[in-house]
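Per-entry structural report
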Amino acid sequence: LQPRKVLEVGAGDGSILGWLSQAGFSPELYAVEIAESALQLIRQKDIPQLKQALPFDGYAIPFPDNYFDLVI
């Protein structure tokens with residue numbers, strides 16, 4: 001796999017995103033998370049490839065269809 005845009009749904013504290021970033025897995029990482037406190041933790045990690053970390057209502061992903069190459 002060589003995905004250019006990866007989304008993690010329910011990203012928690014961003015640990016997986018951090019690992020993907022360190023591994024150079026994808027040039028663009030994105031996150032959606034229900035808990036605002038978790039979003040704050042993700043943003044504090046200063047993950048280089050993280051483009052956006054957005055709130056998520058658990059139903060509708062706030063990106064257009066087919067925007068991502070891989071969703072975790």
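Quick note: structure is the one above.
Quick notes on the rules
- Residues numbered from 1 in each chain as written.
- Predicted model: local features only at pLDDT ≥ 70, side-chain atom pairs only at ≥ 80, totals over all residues.
- Heavy atoms only, no water.
- Buried < 20%, exposed > 50% of the residue type's maximum accessible area, 1.4 Å probe, protein only.
- Helix = DSSP H or I, 4+ residues; strand = E, 2+ residues; numbered from the N terminus.
- Arc of directions from axis to C-beta.
- Contact = heavy atoms within 4.5 Å.

1. Observations regarding helix α1 (residues 15-22)
By the burial criterion, the buried members of α1 are Leu17, Gly18, Leu20 and Ser21. Relative to the axis of α1, the buried residues are bounded by an arc of 165° and lie together on one face. Facing away from the buried side of α1, by more than 90 degrees, are the exposed residues Trp19 and Gln22. Buried residues in α1 make contact with β1 (5-9), β2 (28-33), α2 (36-44) and β3 (50-55).

2. A few points about unusual backbone geometry
We note that Asp46 has phi near 55°; this positive angle belongs to a residue other than glycine. Structurally, the position occupied by Asp46 is in the loop between α2 and β3. Of note in the backbone geometry, Asn66 takes a positive phi value of approximately 65° without being a glycine. Relative to the helices and strands, Asn66 resides in the loop between β3 and β4 (70-71). On the basis of relative accessibility, which here comes to 81%, the residue Asn66 falls in the exposed class.

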